[in-house]
Amino acid sequence: QSARSGLTMIGTVLVGRMSDRLGRSKVLWIGTAASLFSYTVNLQGASITAMWISLVPSSLLNQNFSVLKALFADYSSENGYSESERASAIGRLGMAVGLSFM
């Protein structure tokens, strides 16, 4: 668990910088591809080593919720939303994600 937390902490910085340089939507696709790769390695692997290897790309590159919140903030700024409207949109996003886990 601590290895995943450390990789996630490093990945947050990496993904944040990538999203500023490459664009938010491209980084969302990279995160989705990293998850797909991790699931594939985990599915095909037959050892504990494969499980640990599958943990790396997902932990490093799958920061999609943070990137999506930044994308919502960018979109609302470009379209002239007020601060309260932006906060409301991001709050509704968080609510939708929370409901999807129920």
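Conventions and cut-offs
Per-chain numbering applies: the sequence of each chain, read as written, is numbered from 1 onward. Local features in a predicted model are, by the rule used here, given only for residues with pLDDT of at least 70; side-chain atom pairs are given and counted only at 80 or more, and totals for whole chains, interfaces and linings are based on all residues. Each side-chain value is derived from all of the structure's non-hydrogen atoms; neither hydrogens nor water enter the calculation. Numbering goes from the N terminus for both helices and strands, where a helix is a DSSP run of H or I of at least four residues and a strand is a run of E of at least two. Residue exposure (1.4 Å probe, protein chains only): buried if accessible area is under 20% of the type maximum, exposed if over 50%, otherwise partly exposed. Note on definitions: a residue-residue contact is assigned when non-hydrogen atoms from the two residues lie within 4.5 Å. None of His or the chain ends enter the tally, which takes Lys and Arg as positive and Asp and Glu as negative. Charged groups are reduced to one reference atom each: NZ for lysine, CZ for arginine, CG for aspartic acid, CD for glutamic acid. By this rule the span expected of a helix is its residue count minus one, scaled by 1.5 Å. By construction, the arc corresponds to the directions joining the helix axis to the C-beta atoms. Residues qualify for a patch when their relative accessible area is over 30% and they have no salt bridge, like charges being joined within 9 Å and the nonpolar side chains of Val, Leu, Ile, Met, Phe, Trp and Tyr within 5 Å. Note on areas: these come from Shrake-Rupley sampling with a 1.4 Å probe, and a residue is covered only by the protein chains present in the view. Any Lys or Arg side-chain nitrogen located within 4 Å of an Asp or Glu carboxyl oxygen qualifies as a salt bridge.

What follows is about the overall build of the chain. What the chain contains, in helices and strands, is 5 helices and 0 strands. Listing every helix and strand of the chain by position from the N terminus yields α-α-α-α-α. Expressed along its principal axes, the backbone C-alpha trace of the chain runs to roughly 50 × 35 × 20 Å. Each of the 102 residues in the chain was classed as buried or not, and the buried ones make up 25%. Sequence separation of 24 or more characterises 63% of the internal contacts of the chain that already satisfy a separation of 6 or more. A gap of 11 Å separates the mean positions of the 8 positive and 5 negative side-chain charges of the chain.

Moving on to helix α2 (residues 24-44). Taking 1.5 Å of rise per residue, the 21 residues of α2 would be expected to cover 30 Å, and the 30 Å separating its terminal C-alpha atoms lies within 8% of that figure. Those residues of α2 lying buried are Arg24, Val27, Leu28, Gly31, Ala34, Ser35, Ser38 and Val41. Considered in projection along α2, the buried side chains sweep an arc of 155° and stay on one side of the axis. Among the exposed residues of α2, those pointing more than 90 degrees away from its buried face are Lys26, Trp29, Leu36, Leu43 and Gln44. Residues of α2 that are buried in the fold lie against α1 (2-22), α3 (48-61) and α4 (64-78).

Moving on to the side chain of Ser58. The topology assignment puts Ser58 in helix α3. The residues contacting Ser58, other than those within four sequence positions of it, are Arg4, Ala34, Ser35 and Ser38.

Among the surface-exposed residues, Ile48, Met51 and Trp52 lie close enough to one another that they form a single nonpolar patch of about 320 Å² accessible area. Tracing the chain through its elements places Met51 in helix α3. Overall, the relative accessible area of 37% leaves Met51 in the partly exposed class.

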